[in-house]
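A look at the structure
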Amino acid sequence: MAMNLHLLRLFVAVAETGSFSRAAEGLWISQPAVSKGIRELENQLDLTLIERGASTGTGSGKGLRLTEAGASLLTHARGIFAMERAALDDVRARVGVQRGSLTIGASTTVASYWLPPYIAAFCAAYPAVVPRVTVGNTQWVCEQLLECRIDLALVEGRVDEERIEVSEWKADPLTLVVAPDSGSDLPRRTVTAEALGHQNWILREPGSGTRQATEALCEAHGISAPPWMEMASNEAIARTVASGVGISMLPRVVVADMLALGTLRELKLAGGGGAAALSRPLYRLALKNRPLAPAALKMVELLERKGAPARTPRA
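Report on the accompanying structure. Position numbers for residues count from 1 along each chain, tracking the sequence in the order it is written. The model is predicted, so local features are restricted to residues of pLDDT at least 70 and side-chain atom pairs to those at 80 or more, both for listing and for counting; the totals for chains, interfaces and linings are taken over all residues. Only hydrogens and water are removed before side-chain values are computed, so all heavy atoms of the structure are retained for them.

**What to know about the overall build of the chain**
Numbering of helices and strands starts at the N terminus; helices are DSSP runs of H or I of at least 4 residues and strands are runs of E of at least 2. When you go through the chain residue by residue, the secondary structure sums to twelve helices and twelve strands. The burial tally for the chain puts 45% of its 315 residues in the buried class. We call two residues contacting when some pair of their heavy atoms lies within 4.5 Å. Long-range pairs, those at least 24 residues apart, make up 74% of the contacts in the chain with a sequence separation of at least 6. Every accessible area reported is derived by Shrake-Rupley at a probe size of 1.4 Å, with residue values counting cover from the shown protein chains alone. A total of about 16,000 Å² of accessible surface is found on the chain, and carbon and sulfur atoms cover 53% of it. For every residue, the accessible area (1.4 Å probe, protein chains only) is compared with the maximum for its type, and the residue is labelled buried under 20%, exposed over 50%, or partly exposed between those bounds.

See below:
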């Protein structure tokens, strides 16, 4: 069975816009042409891909909804067109056309603190390629990668997905922090796991790499740390703790300035094995069996370079 890529492109446009008319506008063709193309694709595959007139569940009337077969085809189609973009970028690079795009998915700590110097180095070396960074927690970034919406990913949390290739990238030190004037139940410097178990812990939301790392380290050291409060931002947690509410374990890069200014106080864990023990790996992710575009390969070279990224012009 041969699949018509033009018809498949029409289907993706309808699925992603949720409307035949919006898909037609985006493709600069008529709505009847889009509707005819979808019918032809369904006839070729002998499958119903889109349910017309389905309830949207939003109270806004009738719309369209993908069938199970349609949702599966959409996943494959995104992969096909991602490979098409990679092929085109590769061809352009080989004939000397230095242009293109690069989309990186990054979890919040990586995007805010680790990635910026690499973006600066990439822009200096490849000024005609415009990078784009999408930010979310580890779980969300993995979903974007699986849907081929990003070229590569940098995350903080563990990833157990057979379709994703995982490589350790950097070590990200963590630290226990409290307010400078926290109560007498906590010592000034070294604290036991038992004492920490009596504190109000403020944690990131489920799906966050910082949350995963905190729970893993607490389990390893026998610390009882059920979430007393959850927040979707490391910076919000740091400022809440600094105001005198709760305790948290956060990436050192997030709280370094506040520790230096004295607005937060660092605690050492008794028997914790030193600073190296309170550390987590950062990961670089790519989709298996999907070739990286030239721009993505160049970014990987920068990411894997030892030391600080060099801002040198491209030869």
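Further notes follow.
**Notes on the layout of surface pockets**
Every definition here rests on a 1 Å grid over the protein atoms only: cavities are sets of points where a 1.4 Å probe fits but cannot get out, pockets are open sets enclosed by protein on both sides within 12 Å along at least five of seven lines, and lining residues have some atom within 4 Å of a point. Grid points are joined across faces, edges and corners, and a volume is the space filled by probe spheres set on the points. In this structure, the largest pocket spans a volume of roughly 300 Å³. Forming the boundary of the largest pocket are 13 residues, of which G79, C148, R163, L287 and K288 lie nearest the centre. Across the lining of the largest pocket, the residue classes break down as five nonpolar, four polar and four charged. Each residue receives one of three labels: charged for Asp, Glu, Lys and Arg, nonpolar for Ala, Val, Leu, Ile, Met, Phe, Trp, Tyr, Cys and Pro, and polar for the others, Gly being one of them.

**As for helix α7 (residues 138–146)**
Among the residues making up α7, those that are buried are T138, V141, C142, Q144, L145 and L146. Packed against the buried residues of α7 are β3 (100–106), β5 (152–155), β6 (164–178), α9 (209–220) and β12 (279–287). Polar contacts, as used here, are pairs of N or O atoms within 3.5 Å; protein pairs need one atom able to donate a hydrogen and one able to accept it. Residues neighboring in sequence count only if both atoms are side-chain atoms. Of the residues flanking the start of α7, the one acting as N-cap is N137, its side-chain oxygen 3.2 Å from the backbone nitrogen of Q139. Backbone geometry just downstream of α7 places C148 in the positive-phi region, at approximately 60 degrees.

**Brief notes about the pattern of salt bridges**
What counts as a salt bridge is simple: a side-chain nitrogen of Lys or Arg found within 4 Å of a carboxyl oxygen of Asp or Glu. One pass over the full model with this rule turns up 17 salt bridges. In this structure, E147 engages R78 in a salt bridge whose closest nitrogen and oxygen atoms are separated by 3.7 Å. With a gap of 69 residues between them, E147 in the loop between α7 and β5 and R78 in helix α4 (residues 68–94) connect regions that are remote in the sequence. As a salt-bridge pair, E230 and R211 come within 3.1 Å of each other at their nearest N and O atoms. Highlighted residues: E230 in strand β9 (residues 227–231) and R211 in helix α9, separated in sequence by 19 residues.

**Some points on the nonpolar core**
In globular proteins that are soluble, nonpolar side chains generally tend to be buried together. Formed by 24 residues in total, the largest nonpolar core has its most connected members in L102, V110, L115, F122, W169, M299 and L303. Only β3, α5 (108–114), α6 (116–125), β5 and α12 (294–304) provide two or more residues apiece to this core. Leave out the neighbours within four places in its chain, and M299 touches L102, I104, Y118, I119 and F122. To form a nonpolar core, buried Ala, Val, Leu, Ile, Met, Phe, Trp, Tyr and Cys residues must be joined to one another through side-chain atoms within 4.5 Å. If you look at the next biggest cluster of nonpolar residues, it comprises 22 residues, including L7, L8, F20 and A77.

**Side note on the pairing of strand β8 (residues 201–204)**
The sheet contact formed by β8 and β9 spans four bridges and is parallel. Directly across from R204, in β9, lies its bridge partner M231. Handedness of the crossover joining β8 and β9 through α9: right-handed. For two strands to be treated as a pair, DSSP must find no fewer than two bridges joining them. Place the viewer so that the strands point away; then a crossover is right-handed whenever the path from the first strand over the helix to the second strand goes clockwise.

**A short note on unusual backbone geometry**
At C148, a residue that is not glycine, the phi angle is positive and equals roughly 60 degrees. Located in the positive-phi region is N289, a residue other than glycine, with phi close to 65 degrees. Among the secondary structure elements, N289 is positioned in the loop between β12 and α12.

**What about the packing of helix α1 (residues 5–17) against helix α3 (residues 31–45)?**
To define axes, lines are fitted to C-alpha atoms, for helices over the stretch in contact only, and angles between the resulting N-to-C directions are given on a 0 to 180 degree scale. It is the contact of α1 with α3, at a shortest axis distance of 9 Å, that shows an interaxial angle of 115 degrees. When the axes of α1 and α3 are compared, the pair comes out roughly perpendicular. As α1 packs across α3, the resulting crossing turns out to be left-handed. Residue-level inspection shows L7, L8, L10, F11 and V14 of α1 in contact with α3, the latter providing A33, V34, G37, I38, E40, L41 and Q44. Partitioning the contact of α1 with α3 into residue classes produces nine nonpolar, two polar and one charged. Oblique is the label for any angle not covered by the other classes, which are roughly parallel (under 35 degrees), roughly antiparallel (over 145) and roughly perpendicular (65 to 115). It is the rotation of the near helix from the far one that decides the hand of a crossing: anticlockwise by less than a right angle makes it left-handed, clockwise makes it right-handed.

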